[in-house]
Amino acid sequence: MEKIIDLNNVTIKQETTVVLSNITLHIQEAEFVYLMGKTGSGKSSLLKTIYGDIKLAEGEGTVAGYNLNTLRKIEIPFLRRKMGIVFQDFQLLMDRTVLQNLYFVLKATGWKNRTEIHSRAMSVLQLVGIEQKADQMPNRLSGGEQQRVCIARALLNDPKIILADEPTGNLDVETSTEILELLIALTKEENTAVLMATHDIQMVQKFPARTLHVENGKVQ
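First, a word on scope: everything that follows refers to the structure included in this document.

Thresholds applied
Residues numbered from 1 in each chain as written. Predicted model: local features only at pLDDT ≥ 70, side-chain atom pairs only at ≥ 80, totals over all residues. Heavy atoms only, no water. Salt bridge = Lys/Arg side-chain N within 4 Å of Asp/Glu carboxyl O. Helix = DSSP H or I, 4+ residues; strand = E, 2+ residues; numbered from the N terminus. Buried < 20%, exposed > 50% of the residue type's maximum accessible area, 1.4 Å probe, protein only. Expected span 1.5 Å × (residues − 1). Arc of directions from axis to C-beta. Contact = heavy atoms within 4.5 Å. Polar contact = N/O pair within 3.5 Å; in protein donor to acceptor, adjacent residues only side chain to side chain. 1 Å grid on protein atoms, 1.4 Å probe; cavity = no way out; pocket = protein on both sides within 12 Å on 5 of 7 lines; lining within 4 Å. Points joined across faces, edges and corners; volume = space filled by probe spheres on them. Nonpolar A, V, L, I, M, F, W, Y, C, P; charged D, E, K, R; others polar. Pairing = 2+ DSSP bridges. Axes fitted to C-alpha atoms, helices over the stretch in contact; angles between N-to-C directions. Lys, Arg positive; Asp, Glu negative; His and termini not counted. Core = buried A, V, L, I, M, F, W, Y, C linked by side-chain atoms within 4.5 Å.

## As for the pattern of salt bridges
Piece 1. Under the definition given, this model contains eight salt bridges.
Piece 2. With a shortest N-O distance of 2.8 Å, Glu31 and Arg210 are connected by a salt bridge. With Glu31 in the loop between β2 (17–28) and β3 (32–36) and Arg210 in strand β9 (residues 210–215), this pair connects stretches of sequence that are 179 residues apart.
Piece 3. Assessed through its relative accessible area of 33%, Arg210 is described here as partly exposed.
Piece 4. In this structure, Lys43 and Glu166 form a salt bridge, with 3.7 Å as the shortest nitrogen-oxygen distance. With Lys43 in helix α1 (residues 43–50) and Glu166 in the loop between β7 (161–165) and α6 (173–189), this pair connects stretches of sequence that are 123 residues apart.

Below, the structure is given as structure tokens:
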């Protein structure tokens, strides 16, 4: 099994403040892992380090084959193509249809052929069960449907891992359950690892999986 995330004795700082220290973390392909912790515990800083937004202060790390210690700014977009990122607040472009949102990302990540762009966009919408909404504007969709579009967007470049930052934070229990089931299904059907930051203990109890706890500057 391939290690998608491989962090060893890592320290993460925000400017000069140590946020997390002595982190050793390994996540393999197709693995579903929760990242639990209170707001401000350092979950987001860890995710930002994984997607190349914060440099390692100490230790060694590789993510999807990219060495975080030697990662150059020019390489960060290529690292991010190997991962999908799902946010709590959707971050969809509200002046474009669902399909146009996906076109935008594909073009921004180097896709050129219009037929291939359309085909890939429709296939990920199908994967998340929302292809019938392709021509809708995002503000016409429910919260759960918008989050499905976000997951479709995260899948566009066939990522090795999805980083989901509180993806059910703005959703009701029933919709949260659907989103969790979808993310878990992706690990099995697409071999995509998922690292999901959450503080929703009920969801973790409902869908048990390996759980990392972020507290007191440590990840355990």
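## Comments concerning helix α4 (residues 114–127)
Residues three or four positions apart in an α-helix share a direction because the helix packs 3.6 residues into each turn.
Piece 1. Compared with the 20 Å implied by 1.5 Å per residue over 14 residues, the 20 Å span of α4 between its first and last C-alpha is a close match.
Piece 2. Every buried residue belonging to α4 is among Ile117, Ala121, Val124 and Leu125, and all of these are buried. Buried residues in α4, looked at end-on, bunch into an arc of 105 degrees, giving them a common side. Among the exposed residues of α4, those pointing more than 90 degrees away from its buried face are Thr115 and Gln126.
Piece 3. In this structure, the buried residues of α4 make contact with α3 (98–108) and α5 (143–155).
Piece 4. Residue Asn113 occupies the N-cap position of α4, its side-chain oxygen lying 2.9 Å from the main-chain nitrogen of Thr115.
Piece 5. Once α4 ends, the next one or two residues include Gly129, with phi positive near 75 degrees.

## Description of the layout of surface pockets
Piece 1. In this structure, the largest pocket spans a volume of roughly 610 Å³.
Piece 2. In this structure, the largest pocket is lined by 20 residues; those nearest its centre are Arg80, Ile85, Val105, Thr109 and Arg153.
Piece 3. Mapped onto the lining of the largest pocket, the elements with two or more residues apiece are α2 (76–81), β6 (83–86), α3 and α5.
Piece 4. Here the lining of the largest pocket is built from residues that sort into 12 nonpolar, five polar and three charged.

## Here we look at the environment of Ile23
Piece 1. Along the chain, Ile23 falls in strand β2.
Piece 2. Each residue touching Ile23, except ones within four places of it in the same chain, is listed here: Leu7, Asn8, Asn9, Val10, Ile12, Leu46 and Val219.

## Points about the sheet that holds β6
Piece 1. Ordered in space as β6-β7-β8-β3-β9-β10, the six strands form an open sheet in which the pairing is mixed. One side of each edge strand has no neighbouring strand; the edge strands of this open sheet are β6 and β10 (218–219).
Piece 2. By the bridge criterion, four bridges tie β3 to β9 in an arrangement that is parallel. Each residue of the ladder has a partner; that of Leu35, found in β9, is Leu212.

## Digging into the sheet that holds strand β1 (residues 3–14)
Strand-to-strand pairing in sheets goes through backbone hydrogen bonds, with the strands running parallel or antiparallel.
Piece 1. Strand order in the open sheet formed by four strands is β2-β1-β4-β5, with antiparallel pairing between adjacent strands. Every interior strand has two partners, whereas the edge strands, β2 and β5 (66–67), have only one.
Piece 2. Across the sheet, α1 is in contact with β1, β2 and β4 (58–63); its angle to β1 comes to roughly 120 degrees.

## As for the side chain of Arg153
Piece 1. Within the secondary structure layout, Arg153 lies in helix α5.
Piece 2. For the buried Arg153, no salt bridge is present, and the opposite-charge side chain at shortest range is Asp89, 7.3 Å distant.
Piece 3. In contact with Arg153, not counting residues within four places along its chain, are Phe90, Gln91, Leu92, Leu102 and Val105.

## Re α6
Piece 1. The terminal C-alpha atoms of α6, which comprises 17 residues, lie 24 Å apart, in line with the 24 Å expected from a rise of 1.5 Å per residue.
Piece 2. Listed as buried for α6 are Thr175, Ser176, Thr177, Ile179, Leu180, Leu182, Leu183, Ile184, Leu186 and Thr187.
Piece 3. Buried residues along α6 sit against β3, α4, α5, β7, β8 (193–198) and α7 (201–206).
Piece 4. One side-chain oxygen at the N-terminal end of α6 lies 3.2 Å from the backbone nitrogen of Glu174; it belongs to Asp172.

## Remarks on the nonpolar core
Piece 1. Counting 39 residues, the largest nonpolar core has Phe32, Tyr34, Leu125, Ile151, Leu180 and Met196 as its most contacted members.
Piece 2. Put simply, the parts of the chain that give this core at least two residues each are β3, α3, α4, α5, β7, α6, β8 and α7.
Piece 3. With near-sequence residues (within four places) excluded, Tyr34 lies in contact with Leu180, Met196, Thr198, Met203, Val204, Phe207, Pro208, Ala209, Arg210, Thr211 and Leu212.
Piece 4. Counting 33 residues, the second-largest nonpolar core is a separate cluster that includes Leu47, Tyr51, Ala64 and Ala193.

That is the geometry; function is a separate question.
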